[in-house]
Structures are given as C-alpha cells and as structure tokens.
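Spelled out, the chains give:
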Amino acid sequence: QVQLVESGGGLVQPGGSLRLSCAASGNIFRLNAMGWYRQAPGKQRELVALITNVDTTSYADSVKGRFTISRDNAKNTVYLQMNSLKPEDTAVYYCHADLKISRWSSRADYWGQGTQVTVSS
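What comes next concerns the included structure. Everything numeric here is computed off the predicted structure, so don't read it as measured data.

### Structural notes on the overall build of the protein
Piece 1. Helix and strand content of the protein: zero helices and 11 strands.
Piece 2. Shown N-terminal to C-terminal, the secondary structure of the protein runs as helices and strands in the order β-β-β-β-β-β-β-β-β-β-β.
Piece 3. Taken over C-alpha atoms, the radius of gyration comes to 14 Å for the protein, in line with the 14 Å a tight globule of 121 residues would show.
Piece 4. Once the C-alpha set of the protein is aligned to its principal axes, its extents read approximately 50 × 25 × 25 Å.
Piece 5. Taken over 121 residues, the protein has a buried fraction of 41%.
Piece 6. Here the analysis covers contacts within the protein between residues at least 6 apart in sequence; of these, 55% occur between residues at least 24 apart.

Right, here's the structure in full:
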C-alpha cells in the first residue's frame, strides 16, 4: 500500500508565500517523477510543476518564476515553494507520484488527498 500525504496548505494574503510538502510512504521500489497539480472550482485539474528522478523540472507558464519544486529522495518527499502568490493560485493542490512497487510491477500513478490553498486579502 502506497500513501502520499500532503501538508502545508492554508490561507495567505496576495504576495505571500507557502510551502507544500508531500511524503510518499509504503511499498515503494522506485519513485520516478513527482509533481503537483491543482484544481480550482469549476476548472479542470492542471499540472503546476513536475520533477523527475534526475531533478529535471518543468512548470506551468502561470507559475514560472514564482514556484519552485524540489525533492528529497532520502525522504521520498517532494516540495513546492510558492512565492508571490496571487488570488488565481487559489485551488486544491494535489501531489502526484509515478512509481513502481516492485522490480516486476508496472509503473503506476498515485495521488495525495489534496490540500487547500487560498490566496485572499
């Protein structure tokens, strides 16, 4: 059983910062790419940032220069540092992991439960 547990969401004023964390635990043979997605009310879930197992990163255009994704492989944890937050960043943020649970298993997608980020004055 694999679990992704997110933390760090909350309410912040425009221009403020938050740091999200997501720890993966359980039967993990190999952790590949990890990422953060978000879903605002009435909108589709969208990719925010992605980091591969060799630390290659990519970002949505809307967050480039403001958000930074990083990972700690020893802790199976991915982080999202969010600076200069805007009201349009308000959404539920979901952690995603592409991983294998054994040498012989296929890669599979796992998701966290989501954490609310609200940017408002």
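### Points about the pattern of salt bridges
Piece 1. Under the definition given, this model contains five salt bridges.
Piece 2. Between Arg38 and Glu46 there is a salt bridge whose closest N-O contact spans 2.7 Å.
Piece 3. Residue Arg38 is classed as buried on the basis of its relative accessible area of 6%.
Piece 4. The salt bridge partner of Asp89 is Arg38, with a shortest N-O separation of 3.0 Å. Remark: Arg38 occurs in strand E4 (residues 30–39) and Asp89 occurs in the loop between strand E8 (77–82) and strand E9 (91–100); sequence separation between them is 51 residues. Arg38 matches Asp89 in its accessibility class, with the two residues each being buried.
Piece 5. A single network of salt bridges, built from pairs that share partners, joins Arg38, Glu46, Arg66 and Asp89.

### Observations regarding the state of the cysteines
Think of a disulfide as a covalent bridge from one cysteine sulfur atom to another cysteine sulfur atom.
Piece 1. Applying the stated criterion to the full structure yields one disulfide.
Piece 2. Paired through a disulfide, Cys22 and Cys95 show a sulfur-sulfur distance of 2.1 Å. Because the sign of the S-S torsion sets the handedness, a value of about -80 degrees for the bond joining Cys22 and Cys95 places this disulfide among the left-handed ones. In this pair, Cys22 is assigned in strand E3 (residues 18–26) and Cys95 in strand E9, connecting sequence segments 73 residues apart.
Piece 3. On the basis of relative accessible area, Cys22 is assigned to the buried category, the value being 0%.

Parameters and conventions
Residues numbered from 1 in each chain as written. Predicted model: local features only at pLDDT ≥ 70, side-chain atom pairs only at ≥ 80, totals over all residues. Heavy atoms only, no water. Helix = DSSP H or I, 4+ residues; strand = E, 2+ residues; numbered from the N terminus. Rg over C-alpha atoms; globule rule 2.2 N^0.38 Å. Buried < 20%, exposed > 50% of the residue type's maximum accessible area, 1.4 Å probe, protein only. Contact = heavy atoms within 4.5 Å. Salt bridge = Lys/Arg side-chain N within 4 Å of Asp/Glu carboxyl O. Disulfide = S-S within 2.5 Å.

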